[in-house]
Amino acid sequence: MRQLHKLSLFSSKKSRTALASHNVLANVPRRPSKTSKAGLIPYIFLAPGFIIFLVMIIFPMARALQISFYNWGVFPGSTTTFVGLHQYVREFHDPVFWRALENSAFYTVFTVPFQIIFGLAVALLLVRKIPGRGLFRALFYIPVVTSWVVVSLLFKFLFSTDAGFVNWLLRSLHLASHNIGWLDTRWPSMITIGILGIWKGVGWSMLIFLAALMGVPETLTEAAAIDGAGLWRTFISVTLPSIRLTLSFVTIMLVIGSLNVFTSAYIMTGGGPQQQTEVVLSYMYHQAFVFLDFGYGSALAFTLTLIVFAISFVQMRLFRGGVSRVIR
């Protein structure tokens, strides 16, 4: 009985002590946890970039969408009238727009596969330990960082009809009996612009593929060699599946960049002759800044934006999120 009485006294004292400590702790102000403080830090660092994105990207897109619904008056005192979807209906009845869209599509189909094939081939060569590979990597990447204006003027001179180096070389090698008008007609001009795009873009593809190839485990290639697989079989069965996600990323980025071709087409042909080599962005530029039809120019720009978004969405669905995993 005495032991039970002592045990009850001890338990009652313990409960009173716990209750008192609970009341004291309840009145103490809580400090922000380290977890909540750390959770705000990423947003603080992301805020400046997000604000710049809103101001430089989202706001101009919204403004262009607004202008596309108006017959926009440019000069002081000129009237701006709301025309609704008239600019977009005008696009569907504009043969120059469809020709420009066809030229942009041709440029994409012509340049993207070659950039991928040549870029991957160069990366496979330069991933090996060969003498001077650092120099060759730099040489292949120089066109990427060279100004589009400079290389466009260079190619315009090289493919000039009368005094171009390419025509002189073809005649000297007896491969052509007369000068070829590379920039005088539609399809030769588009092929010439495409050659420039391939030459300038191979270095970028090479760099991305080079980083992916350096991440391929050597144990896989060694195991394939032990099994008797040759270079081509190793590439198909080991290398290509290992860089599949990078391949999808490169494809999507090249398609987006090719649909936005502008500088080379504008400098080399100016959309001529008779608007035969217009691409969507050059046609938009002429409508907005030459003819000062900002409403129609904005409609052209926003239509191209929707096309790029749609194609990118389809590609990402086809690749099943491979690009997002590469970015992460």
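Residues numbered from 1 in each chain as written. Predicted model: local features only at pLDDT ≥ 70, side-chain atom pairs only at ≥ 80, totals over all residues. Heavy atoms only, no water.

Quick rundown of the overall build of the chain? Include the residues and the values.
Looking only at helices and strands, one finds 15 helices and 2 strands in the chain. Looking at the chain residue by residue over its 328 residues, the buried ones come to 33%. Counting every atom, the chain has about 20,900 Å² of accessible surface; 71% of that belongs to carbon and sulfur. (Helix = DSSP H or I, 4+ residues; strand = E, 2+ residues; numbered from the N terminus. Buried < 20%, exposed > 50% of the residue type's maximum accessible area, 1.4 Å probe, protein only. Areas by Shrake-Rupley, 256 points an atom, 1.4 Å probe, with all protein chains shown as cover.)

Give me the confidence of the model for the chain: which residues, what numbers.
Chain-level statistics for the chain give a pLDDT mean of 84 and a share of 86% at 70 or above. Helix H4 (residues 95-126) holds the highest mean pLDDT among the elements of the chain, 95, whereas helix H15 (residues 322-327) holds the lowest, 47. Within the model, the stretch residues 1-7 combines pLDDT values under 50 with 0 contacts to residues more than four positions away or in other chains. Note that residues 18-22 has pLDDT below 50 and, in this model, 0 contacts with residues that lie over four places away or in other chains. (pLDDT = per-residue confidence, 0-100. Contact = heavy atoms within 4.5 Å.)

Report on the nonpolar core, specifying residues and quantitative values.
When a protein is soluble and globular, its nonpolar side chains tend to lie buried together. Ile-116, Ala-123, Phe-209, Ile-243, Val-250, Tyr-283 and Leu-300 are the most contacted members of the largest nonpolar core, which totals 30 residues. At the level of secondary structure, the elements contributing two or more residues to this core comprise H4, helix H8 (186-214), helix H11 (244-259), helix H13 (280-290) and helix H14 (294-319). Of the residues forming this core, the biggest block, 9 residues, is contributed by H4. Sequence-distant contacts of Val-250, defined by excluding residues within four places in its chain, comprise Ile-116, Trp-204, Ser-205, Ile-208 and Phe-209. Formed by 14 residues, the second largest nonpolar core is a distinct cluster that contains Leu-183, Met-190, Val-261 and Ala-265. (Core = buried A, V, L, I, M, F, W, Y, C linked by side-chain atoms within 4.5 Å.)

How would you summarise the side chain of Asp-293 if you had to cite specific residues and measurements?
With respect to the element layout, Asp-293 can be found in the loop between H13 and H14. Here Asp-293 falls in the buried class, since its relative accessible area comes to 17%. Those residues in contact with Asp-293, other than ones at most four positions away along the chain, are Gln-87, Arg-90, Gln-287 and Ala-288.

Residues and numbers for the pattern of salt bridges, please.
Applying the stated rule across the entire model yields 2 salt bridges. Put simply, Arg-90 and Asp-293 hold a salt bridge, and the shortest N to O gap is 2.8 Å. Of this pair, Arg-90 sits in helix H3 (residues 86-92) while Asp-293 sits in the loop between H13 and H14, placing them 203 residues apart in sequence. Under the relative-accessibility criterion, Arg-90 is labelled partly exposed at 31%. With a shortest N-O distance of 3.2 Å, Glu-102 and Arg-186 are connected by a salt bridge. Of this pair, Glu-102 sits in helix H4 while Arg-186 sits in helix H8, and the two are 84 residues apart along the sequence. (Salt bridge = Lys/Arg side-chain N within 4 Å of Asp/Glu carboxyl O.)

Any chance you could break down the packing of helix H9 (residues 218-226) against helix H10 (residues 231-242) for me, citing the residues and the numbers?
Angle between the axes and distance between the axes: these two values describe a pair of packed helices. Where H9 contacts H10, the two axes come as close as 10 Å, and the packing angle between them is 165°. Classified by the angle between their axes, H9 and H10 sit roughly antiparallel to one another. Crossing handedness for the pair H9 and H10: right-handed. Taking contact as the criterion, the partners of Leu-220, Thr-221 and Ala-224 in H9 are, on H10, Thr-234, Val-238 and Ser-242. Taken together, the residues that form the contact of H9 with H10 break down as 3 nonpolar, 3 polar and no charged. (Axes fitted to C-alpha atoms, helices over the stretch in contact; angles between N-to-C directions. Parallel < 35°, antiparallel > 145°, perpendicular 65-115°, else oblique. Left-handed = near helix turned anticlockwise from the far one by under 90°. Nonpolar A, V, L, I, M, F, W, Y, C, P; charged D, E, K, R; others polar.)

Can you lay out the environment of Gln-66 for me, pointing to particular residues and giving the numbers?
Take Gln-66: it is sitting in helix H2 (residues 34-67). On the basis of relative accessible area, Gln-66 is assigned to the partly exposed category, the value being 31%. Residues Gln-66 and Ala-299, 233 residues apart in the sequence, show an inter-C-alpha distance of 9.3 Å.

I'd like a rundown of the packing of H4 against H8, residues and numbers included.
Between H4 and H8, the least distance of the axes is 6 Å, while the angle of their chain directions is 40°. Our pair here, H4 against H8, has a crossing hand that is right-handed. For the contact of H4 with H8, a count of residues per class yields 22 nonpolar, 8 polar and 3 charged.

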